[in-house]
Amino acid sequence: FECRTVHDKAWAKELYGFMYFKRTAMVVIHIVFALYFLYGVYDLLKWGEVSLFLLILPPLFIGLAVFRYFHSIKLTLKRQKEMCGEKVPESVSTVTEEAVVQKASNGAELVLHYVDVKKVIHTKAYFYIWSKTNVIYTLAKDGFTVGSPEGFLAFLKQKGIKVK
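Thresholds, definitions, all that
- Residues numbered from 1 in each chain as written.
- Predicted model: local features only at pLDDT ≥ 70, side-chain atom pairs only at ≥ 80, totals over all residues.
- Heavy atoms only, no water.
- Patch = residues over 30% accessible without salt bridge, like charges linked within 9 Å, V, L, I, M, F, W, Y side chains within 5 Å.
- Areas by Shrake-Rupley, 256 points an atom, 1.4 Å probe, with all protein chains shown as cover.
- Salt bridge = Lys/Arg side-chain N within 4 Å of Asp/Glu carboxyl O.
- Helix = DSSP H or I, 4+ residues; strand = E, 2+ residues; numbered from the N terminus.
- Buried < 20%, exposed > 50% of the residue type's maximum accessible area, 1.4 Å probe, protein only.
- Core = buried A, V, L, I, M, F, W, Y, C linked by side-chain atoms within 4.5 Å.
- Contact = heavy atoms within 4.5 Å.
- Pairing = 2+ DSSP bridges.
- Axes fitted to C-alpha atoms, helices over the stretch in contact; angles between N-to-C directions.
- Expected span 1.5 Å × (residues − 1).

1. As for a nonpolar patch on the surface
Argument step 1. On the surface, a cluster of nonpolar side chains totalling about 470 Å² of accessible area is made up of Leu44, Val50, Leu52, Ile56 and Leu60.
Argument step 2. With 3 residues, helix 3 (residues 52-84) is the largest single contributor of residues to the nonpolar patch.
Argument step 3. Within the element layout of this structure, Leu44 appears in helix 2 (residues 24-47).
Argument step 4. Owing to a relative accessible area of 30%, Leu44 belongs among the partly exposed residues under this scheme.

Here is the structure:
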């Protein structure tokens with residue numbers, strides 16, 4: 001398989017949107033904070049008492065997540081501009097029987113052997129492959145020049161890698 005991935009603003013939005021809002025742990029935390037907030041509103045309406053902790057902490061947490069989302073996108077794009085100038089960085093990933101080799105447009109090359117894969121998550125547009133050292137390899141589903149996203153998914157399962 002071979003896949004070309006453009007690391008533009010859409011890529012950054014999808015990545016950080018997943019990390020801050022769509023991961024299972026984050027969804028659970030957001031639900032807990034929403035229930036916590038609703039309990040604060042209920043407490044206010046039923047007893048007429050205001051618990052600032054119950055009413056301020058949940059929106060503060062959600063606000064922080066939104067801030068981090070936008071800040072991470074901005075910071076990532078700023079770093080990329082510093083490293084690559086006006087050229088939008090991209091990578092070409094070659095998937096072999098032994099490893100995923102990702103070559104960046106700046107010349108850097110990363111190799112991920114399948115025994116070092118921590119997890120794989122696929123969204124509507126991307127495959128995110130986490131290494132055991134928490135490096136994220138991204139493959140755009142619309143970027144496959146050799147093979148297909150469906151074939152790649154089957155290949156990962158054949159290798160014994162769970163895909164969420």
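2. Focus: the nonpolar core
Argument step 1. Of all hydrophobic cores here, the largest spans 17 residues; its most connected members are Val95, Tyr114, Val117, Val120, Ile129, Leu139 and Phe152.
Argument step 2. In terms of residue count, the dominant contributor to this core is helix 4 (residues 149-158) (3 residues).
Argument step 3. Ignoring any residue separated from it by four or fewer positions in sequence, one finds Phe152 in contact with Phe1, Val95, Phe127, Ile129, Leu139 and Phe144.
Argument step 4. Membership of the second largest hydrophobic core comes to 13 residues, among which are Tyr69, Ile73, Ile121 and Tyr128.

3. A few points about the sheet that holds strand 4 (residues 109-113)
Argument step 1. Spatial ordering of the open sheet is given by 4-3-2-1-8, a layout of 5 strands whose pairing is antiparallel. Looking along the sheet, the strands with just one partner apiece sit at the ends: strand 4 and strand 8 (144-146). Adjacent strand axes in the sheet meet at a mean angle of 20 degrees, parallel and antiparallel pairs treated alike.
Argument step 2. Pairing of strand 1 (residues 2-6) with strand 2 (residues 90-95), which is carried by 5 bridges, proceeds in the antiparallel orientation. Note on strand 2: the bridge partner recorded for Arg4 is Val92.

4. Points about the sheet that holds strand 6 (residues 126-131)
Argument step 1. Across the sheet, which stays open at both edges, the 3 strands sit in the order 5-6-7 with antiparallel pairing between neighbours. With one partner strand each, in any of the chains shown, strand 5 (117-122) and strand 7 (136-140) form the two edges of the open sheet. Geometrically, the sheet is characterised by an average inter-axis angle of 15 degrees between neighbouring strands, direction not taken into account.
Argument step 2. One ladder, built from 5 bridges, connects strand 6 with strand 7; its direction is antiparallel. Across the sheet, the residue bridging to Tyr126 is Ala140, located in strand 7.
Argument step 3. Here helix 1 (residues 9-22) sits on the sheet in contact with strand 5, strand 6 and strand 7, set at roughly 60 degrees to strand 6.
Argument step 4. Across the sheet, helix 4 lies against strand 5, strand 6 and strand 7, angled at about 30 degrees from strand 6, the strand it touches most.

5. Comments concerning helix 2
Argument step 1. In a regular helix each residue adds 1.5 Å, so 24 residues correspond to 34 Å; helix 2 covers 34 Å between its end C-alpha atoms and thus fits that length.
Argument step 2. Within helix 2, the full set of buried residues consists of Met26, His30, Phe33, Gly40 and Asp43.
Argument step 3. Remark: Gly48 follows helix 2 within two positions and exhibits a positive phi of approximately 70 degrees.

6. Side note on the pattern of salt bridges
Argument step 1. In the structure shown here, the tally under the stated rule is 3 salt bridges.
Argument step 2. In this structure, Arg4 engages Glu90 in a salt bridge whose closest nitrogen and oxygen atoms are separated by 2.8 Å. Of this pair, Arg4 sits in strand 1 while Glu90 sits in strand 2, and the two are 86 residues apart along the sequence.
Argument step 3. Arg4 gets classed as partly exposed once you look at its relative accessible area, which sits at 38%.
Argument step 4. A relative accessible area of 23% means that Glu90 is categorised as partly exposed.
Argument step 5. The shortest N-O distance in the salt bridge between Lys103 and Glu109 comes to 3.9 Å.
Argument step 6. Judged by its relative accessible area of 47%, Lys103 falls in the partly exposed class.

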